[in-house]
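Listed below are the residues making up each chain.
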Amino acid sequence: MITLLDYGAGNVRSVINAIEKLGERISVAKTGRDILDAEKLVFPGVGNFGSMMQILRQKQFVEPLLGYLGSGRPFLGICVGMQALFEGSDEAPEERGLGVLSGRVKRFDVALAVPHIGWNGISVKQPTGLFDTLQGDEKFYFVHSYHAVADDPAVVLTTTDYGYPFVSAVQKGGIQGTQFHPEKSGASGLTLLENFIRQDRRVAIPSTCPPQTRLAKRIIACLDVRANDRGDLVVTKGDQYDVREDGNVRNLGKPVELAGRYFEEGADEITFLNITGFRDFPLEDMPMIEVLKETSKNVFVPLTIGGGIRDYTDKNGRTYTALQVAAEYFRSGADKISIGSDAVDVVEAVLKTGRPTGRSAIEQISHVYGNQAVVISIDPRRVYVDSPDQTPHATIETAIPGPKGQRYCWFQCTVKGGREGRDVDAVTLARTCERLGAGEILLNCIDRDGTNMGFDIELINAVKQSVSIPVIASSGAGCEAHFAEVFEKTDAESALAAGIFHRREVPISAVKAYLNGKVEIRL
Ligand code: 1PR
């Protein structure tokens, strides 16, 4: 029996699902007594270090936790749950950590995108049962802006490189912790969790740990989901956002089934976009939540969900906040939420008044769940001009001239699935959202969507060069070479595709086989 410490933030469902998948029973600790009585305790932490410690104190969990940690029984802290073991964190300098390991948690100080998001390797430094039957060259899923700096090298179980080596797992007696998410790390992560659960594994250093690790470029499968005209929830796919063919919504499959297939085929992440979320409110109409719950039972890579994340008042006058919508998604198995139309409204308001309100969905959700949980989905289209002084927007000189031979363009943000253009450009939107607390940009492109022409390299470079958070290149992938092109010609951290995967034109495994040896990927 595993006891899970749930302090109420983030995606504990994935951890529960992973443990249950391994055939183990799990109970959620409701009181300090439950913690003290646990046989094996798992503490998944997500979000902000300060909020986590405050909630632990409010719930009077700190003393029981310290009691348990002193008992020598098995403990596994995940992500911020591992960071909690240290004395404190620069993320919330006023909050004390548990202090069972000496050292502090610091923000990444690197000339690379922060948060560190994606699949990276580990170098195991001391014998352990956690990696039994693994080779040591596997990659695990990370998503964090802060990392632990341990005073005592003897507690460092693994290091990972991201600009410099950082502590990616710790071990001291029965206490173990991983900065990465085993519950989101596919088959390797499940093996690690099983090794923890069984506690009877061969203690050793895996044979093929790399001396230096590398972050992989991610390949993401995207499922645009909506109800068709018969009311069934289907995965659809547009041509430049038009999802109808002969008057009917294209039906490319069932969301849960398709997500399961992509997990098996090696997708590094799966994104669901509720593309009619701008008019259907997710908490009134629950099928997307069910999709998420069902998917997360069998899919052990990160799940992002977007569509309809905004404040909302229903017909009875009841008001819901974007934070409540996001909370429901996280509870149902999402690791990240993505905000589209609402981000454009917020940025327009910030540009008008010159300052953030602190109350936008981006600010509120990132404050509670951490920046890494907030993705901004941008739906831009090109607007051509003859010269940059014809528009106040950020323009580029383009190698793809406009219909009248125009050599400059800007990338206009749209809302409501491309139906409405706004007076904001994608570069300004991305930069402003980063300032508000977004952790990643999902950069679609209406001009390329569904065309199989390849990614819009100029758009991706324009946005990527203006932010320091990771960028997901999206729209237009038509063959394996397009993925190589986007990683060679831009610094995008990941590439997303839909149509070619849904239509089985190019399997994810073929993309990875093509990239192997050219760019770092997770095989
Ligand atoms: O505005 O917060 O409610 O979120 C709605 C979300 O739904 C946004 O993220 C928006 O991008 C998405 N969306 C709305 N309408 C459509 C549509 O297609 N009619 N889909 C839509 C966006 C674009 C990509 C697509 C790639 C790859 N789809 O996600 O998957 O372009 O496609 P490809 O590889 O076939 O070229 P809100």
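This text goes with the structure placed above it.
Residues numbered from 1 in each chain as written. Predicted model: local features only at pLDDT ≥ 70, side-chain atom pairs only at ≥ 80, totals over all residues. Heavy atoms only, no water.

A. Up close: the overall build of the protein chain. On a plain count of helices and strands, the protein chain comes out with 16 helices and 30 strands. Taken against the 2.2 N^0.38 rule, which gives 24 Å for 523 residues, the C-alpha radius of gyration of the protein chain at 23 Å falls within 12% of a compact globule. A principal-axis box enclosing the C-alpha atoms of the protein chain has dimensions of 75 × 55 × 45 Å. Looking at the 523 residues of the protein chain, the share that counts as buried comes to 61%. Counted over contacts in the protein chain with a minimum sequence separation of 6, partners at least 24 positions apart contribute 72%. Accessible area of the protein chain: about 20,000 Å², with a carbon and sulfur share of 47%. (Helix = DSSP H or I, 4+ residues; strand = E, 2+ residues; numbered from the N terminus. Rg over C-alpha atoms; globule rule 2.2 N^0.38 Å. Buried < 20%, exposed > 50% of the residue type's maximum accessible area, 1.4 Å probe, protein only. Contact = heavy atoms within 4.5 Å. Areas by Shrake-Rupley, 256 points an atom, 1.4 Å probe, with all protein chains shown as cover.)

B. Structural view of the nonpolar core. In this structure, I270, F272, I365, I376 and F483 are the most contacted members of the largest nonpolar core, which totals 162 residues. Those residues in contact with I270 that sit more than four places away from it in its chain are A221, L223, A259, Y262, F263, V299, V301, P302, L303 and T304. Membership of the second largest hydrophobic core comes to eight residues, among which are C222, L273, L442 and I472. (Core = buried A, V, L, I, M, F, W, Y, C linked by side-chain atoms within 4.5 Å.)

C. Focus on the site of the ligand. Surveying the vicinity of the ligand reveals 28 residues, the closest of which are S341, S377, D379, D449 and S475. Between an oxygen atom of the ligand and a side-chain N or O atom of K237, the distance comes to 3.2 Å. At 2.6 Å from an oxygen atom of the ligand is found a side-chain nitrogen or oxygen belonging to S377. Considered on its own, the ligand offers 770 Å² of accessible surface; in the complex 98% of this is hidden by protein. Most atoms of the ligand, that is more than half of them, are within 2 Å of grid points of the largest pocket. Classifying every residue of the shell around the ligand gives 10 nonpolar, 14 polar and four charged. (Near = heavy atom within 4 Å. Polar contact = N/O pair within 3.5 Å; in protein donor to acceptor, adjacent residues only side chain to side chain. 1 Å grid on protein atoms, 1.4 Å probe; cavity = no way out; pocket = protein on both sides within 12 Å on 5 of 7 lines; lining within 4 Å. Sits in = over half its atoms within 2 Å of the grid points. Nonpolar A, V, L, I, M, F, W, Y, C, P; charged D, E, K, R; others polar.)

D. Inspection of the environment of E265 at higher detail. One can find E265 in helix α7 (residues 255–265). The exposure class assigned to E265 is partly exposed, which follows from its relative accessible area of 24%. Along the primary structure E265 and I508 are separated by 243 residues, whereas in three dimensions their C-alpha atoms are 6.1 Å apart. Filtering out sequence-adjacent residues up to four positions away, E265 remains in contact with R504, I508 and S509.

E. Looking closely at the packing of aromatic side chains. Scanning the entire structure with this criterion turns up 14 aromatic pairs. Considering the side-chain rings of F108 and Y162, the 5.4 Å spacing of their centres and the 75° angle between planes classify their relative orientation as edge-to-face. Linking F108 in the loop between β6 (103–107) and β7 (116–120) with Y162 in strand β11 (residues 156–162), this pair joins segments that are 54 residues apart in sequence. The buried category is assigned to Y162, whose relative accessible area is 7%. Between F142 and F180, the aromatic rings sit 5.5 Å apart at their centres with planes inclined by 65°, giving edge-to-face as the arrangement. (Phe/Tyr/Trp six-rings, centres within 6.5 Å; stacked < 30°, edge-to-face > 60°.)

F. Layout of the layout of surface pockets. For the largest pocket, the calculated volume is near 840 Å³. Lining the largest pocket are 48 residues, with Y241, L273, I275, D379 and G417 positioned closest to its centre. Where the lining of the largest pocket is concerned, the elements lending two or more residues are β14 (218–227), β18 (269–274), β22 (336–339), α10 (341–353), β30 (494–497) and α15 (499–502). Split by residue class, the lining of the largest pocket holds 14 nonpolar, 20 polar and 14 charged. (Points joined across faces, edges and corners; volume = space filled by probe spheres on them.)

G. Highlighting the pattern of salt bridges. As enumerated under the stated definition, the model contains 33 salt bridges in all. Residue R57 is joined to E95 by a salt bridge in which the shortest nitrogen-to-oxygen separation is 3.4 Å. Highlighted residues: R57 in helix α3 (residues 49–58) and E95 in the loop between β5 (88–89) and β6, separated in sequence by 38 residues. Accessibility expressed as a relative area gives 31% for R57, which makes it partly exposed. A relative accessible area of 12% places E95 in the buried class. Across the pair R250 and D239 runs a salt bridge, and its minimum N-O distance is 3.0 Å. (Salt bridge = Lys/Arg side-chain N within 4 Å of Asp/Glu carboxyl O.)

H. Local environment of the packing of helix α9 (residues 322–331) against helix α11 (residues 361–369). Where α9 meets α11, the closest approach of the two axes is 9 Å, and the angle between their N-to-C directions is 45°. Viewed along their axes, α9 and α11 adopt a mutual orientation that is oblique. At the point where α9 passes α11, the crossing takes the right-handed sense. Across the interface between the two elements, A322, L323, A326, A327 and F330 from α9 touch A361, Q364, I365, V368 and Y369 from α11. For the contact of α9 with α11, the residue count by class is nine nonpolar, one polar and no charged. (Axes fitted to C-alpha atoms, helices over the stretch in contact; angles between N-to-C directions. Parallel < 35°, antiparallel > 145°, perpendicular 65-115°, else oblique. Left-handed = near helix turned anticlockwise from the far one by under 90°.)

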